[in-house]
Amino acid sequence: MLFPTATFALFFVVVLPLSWLLMPRGERWRPFAVAASFVFYAGWDWRFCFLLAFSIVWNQVFALAIHGRADPRSRKWLLALALAGNLGLLGYFKYYGFFVTSTNNLFALAGIDLPLEARSVVLPVGISFFTFMGISYVVDVYRGDFRPAGFGTFAAYLSFFPHLVAGPIVRPGELIPQLQTPRDPRYVDTSRAFFLIGTGLFMKVVVANFLASSIVDEVFGAPSQHSSLEVLVGVYAYAVQIYADFFGYTNMAIGIALLLGFTFPQNFDAPYAAVSITDFWRRWHMTLSRWLRDYLYIPLGGNRGGRLLTYRNLMLTMLIGGLWHGAGWTFVVWGGIHGAALVAERWWRGRPGYVERRPTRARRAWHRFATFQVVCFAWIFFRADSFSDAWDVLVRLFTAWGEPSPLVTGGVLAAIAVGIGSQYLPRSLPLALMARFSRLPVPAQAALLSLALLVTHALGPEGVAPFIYFQF
Amino acid sequence: MDEPRRRRRRPRRRTAEGGRRLHSAGSAVAVSLGALGLALLLNAPGLHKSATIQPEGWKRDVALAVTGPLADVSSTLLLDRPRRALKAALGRSDDDRVDTEVAAPEPEPGEPVSSPGPAPKRERFTPKRKLRLWVAGDSLVVVPGESLLRAVAGNRAVAPVEKIEGRIASGLERPDVFNWFTRVREVARTLRPHAAVVMFGGNDDHGFMTGLPEGREVDGFGTPSWTAEYRRRVAAIMDGVTRSGAFLVWIGLPITSDPEQTRRYDAINAIVQSEAEKRRGRVAYLDTYFFFAGEDGGYAQYVENAAGKLVKMRADDGVHFERAAGDLIAEKVLALLEERYRIVSPS
């Protein structure tokens, strides 16, 4: 069930009032929320529901077992088992084919024919997201940061449909306390919710879909058929497409949760206005960055073991983060580029005698420009189907200037400008718009929203393309 | 003395960051329902089309039962006007139109449509006189089409006339989803390709057809009435392309992970193959079945390529192609094109 569809709208107009009616009675609301979330998830494939149910039971059983033991050794073993279950599930469904083909082909180079059989495994939507949330729950309980919640509360936490298939990755401490206390029906931040849903819909349905069909798919499908200008604009367009797609989805997720009374963490903060790659990762998919920092980078040793170990940990975190995005070596390279950039920045700032220069407007503009180029360079590997495709894009960037560029239209440039320009708007603007909207009477709010839906539906192409991040 | 009556004070209206007012849950529900209700009326023509082009089944029946009257109300209240105006301003006035006409070209006098003609002359194409190539079909054509365009990228004697037209969920059964019969005629007239590479049928294994001639009915997939009508449509596409002198390569449907679906695809392939045979020299049918069969002859997602490397050929849905499969098909398509035409490109 995709958010921008009539099916979801129908689902939500039933769930929203029922959720508020049941809200005062937590023991009724939680089963209802779990049931609604399973219905939502079954919209893709009902068989995936067993996997989600397994993940709920597995993580809750281990969280309780870890919490109930004082002996550090057995706690550690239980944690290891819990993690093995989570990662085993993810590994099988997401990486089995990748592992088998990579291993077979590696051994084939040495003339060894391995009997590993590559069979079809369907990737269940959202598995990476709910697995990471399950891991953070068990680890937080192990660290003593969090007491295990009741079964119903945990089931609602892991399966809650607004975040289920593509995040944001909500930490137990952020959502479980909200699920344990009924939300106050008198104070709902409706104007922010509608603003997030509206902008999310527009970014996904209009900007992302338009750029994908107008230039991105064409350029990355057959780069050598296109001029250098088309390839360059195609790469920038992909940067905007993936931002609009994922930002759009999480905006809708956060807005939908807000309408139900729950607050999710922010997932994007104008990432293309970042002045360094370090800054970029504070602004892009923020909930994943925090997750990788707290459950991977810090356990690896973080920056506690000296410079070289810090570089190693940064690189490993980004390589694994790359692999999390997809079972392919191009994703690893994407992570590697970001890891190398993070290491370079840390090395640069860590040089003896380094003094941070006063940030002038021109310097900031240059840093933003340079950061955006590095990010776009890495996106080429993220989007390309193979290294040879990525190479074709890079070669074509420099070898076909002056050729006709029919794909570079005013509409494409305008959509790119909207995607990037929106990140430079003053923060006070959306706040002022939301405040003004919140003061309108209910019929006027409904009328304005319906007009926004009219424009989005009319401008968008027919049908809804799947969200890019669903495959992760 | 009575105690003064305490006035119950309403809690102060709370505000959030930026001074925006918080509202009650009832207001959230009312705004949501109101906005969606009004948006349904404003977008009624588009929603009705979306309902019409859904796959056959109860969901489509329900959607049509709801959106039909909705479109009537919207039209009566003139609420469909803003959408129509917006679409017209975007130059997309036809977006909400449902076109089901199966435009089959009339046979030209004396033309042997249904029997193989003499082998046509092997035309020569050079960088000065480029071979104009059109690639189209349902979503299955996208990956092989991209591979084909990559393969001919260095060939200055070949020029794609348009971007790859891979229309999701389209086919020959449902012109209401996308009317390929109209599109083929339009392309033949305006773009005048010398060669077309098409792939249809991936969404046609259901038996539900729209655009049937008055009084004609089909009984279900694979029945004689369905086969006759589908054959007529395949012929219409083939004639629509070749009538202007273009050579057509029709990529056959592949084996899939669902044996039942593979059987239905076989039935479609048989029709296409026999119609192509009738137009030998003008239409070539490319059988893809064995490209993607495993050692046991059944479906395989991973297959060894020519270099003996195990590669993922098929997408996780068991139907669509991965890049390696596209490259393999493109290689065969290119061989067929080179068999038919002399494509001379100095290196």
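Residues numbered from 1 in each chain as written. Chains lettered and ligands numbered in written order. Predicted model: local features only at pLDDT ≥ 70, side-chain atom pairs only at ≥ 80, totals over all residues.

Once that is clear, we can look at the overall build of chain B. From N to C terminus, chain B includes nine helices and 12 strands. Expected size for 347 residues packed as a compact globule is a radius of gyration near 20 Å; at 27 Å, chain B overshoots this value by more than 25%. With respect to the principal axes defined by its C-alpha atoms, chain B has extents near 115 × 55 × 45 Å. Considering chain B as a whole, with its 347 residues, one finds that 40% of them fall into the buried category. Sequence-distant contacts in chain B: of pairs separated by 6 or more residues, those separated by 24 or more amount to 72%. (Helix = DSSP H or I, 4+ residues; strand = E, 2+ residues; numbered from the N terminus. Rg over C-alpha atoms; globule rule 2.2 N^0.38 Å. Buried ≥ 20, exposed ≤ 12 C-beta atoms within 10 Å, placed from the backbone. Contact = placed C-beta atoms within 7 Å.)

Now for the overall build of chain A. Along chain A, the regular secondary structure elements total 19 helices and zero strands. The C-alpha atoms of chain A give 23 Å as radius of gyration, which agrees with the globular expectation for 472 residues (23 Å, within 12%). With respect to the three principal axes, the spread of C-alpha positions in chain A is 65 × 65 × 55 Å. In chain A, which comprises 472 residues, the proportion classed as buried is 47%. Long-range pairs, those at least 24 residues apart, make up 75% of the contacts in chain A with a sequence separation of at least 6.

All names here are of chain B. Sheet topology places strand β8 (residues 247-251) next to strand β9 (residues 283-286); four bridges connect them, and they run parallel. Across the sheet, residue W250 finds its bridge partner in β9, namely Y285. Handedness of the crossover joining β8 and β9 through helix α8 (residues 259-278) is recorded here as right-handed. (Pairing = 2+ DSSP bridges. Right-handed = clockwise from strand over helix to strand, strands pointing away.)

Here we come to the nonpolar core. In this structure, A:V138, A:Y157, A:V207, A:L211, A:A237, A:V240 and A:V412 are the most contacted members of the largest nonpolar core, which totals 148 residues. Sort the elements by how many residues they give to this core and helix α10 (residues 228-259) of chain A lands first, with 22 residues. Excluding its chain neighbours within four sequence positions, the residues that come into contact with A:V207 are A:F202, A:V240, A:A244, A:A415, A:V418 and A:G419. Core analysis: the next-biggest nonpolar cluster, separate from the first, contains 64 residues, B:V135, B:Y230, B:A246 and B:I251 among them. (Core = buried A, V, L, I, M, F, W, Y, C linked by C-beta atoms within 7 Å.)

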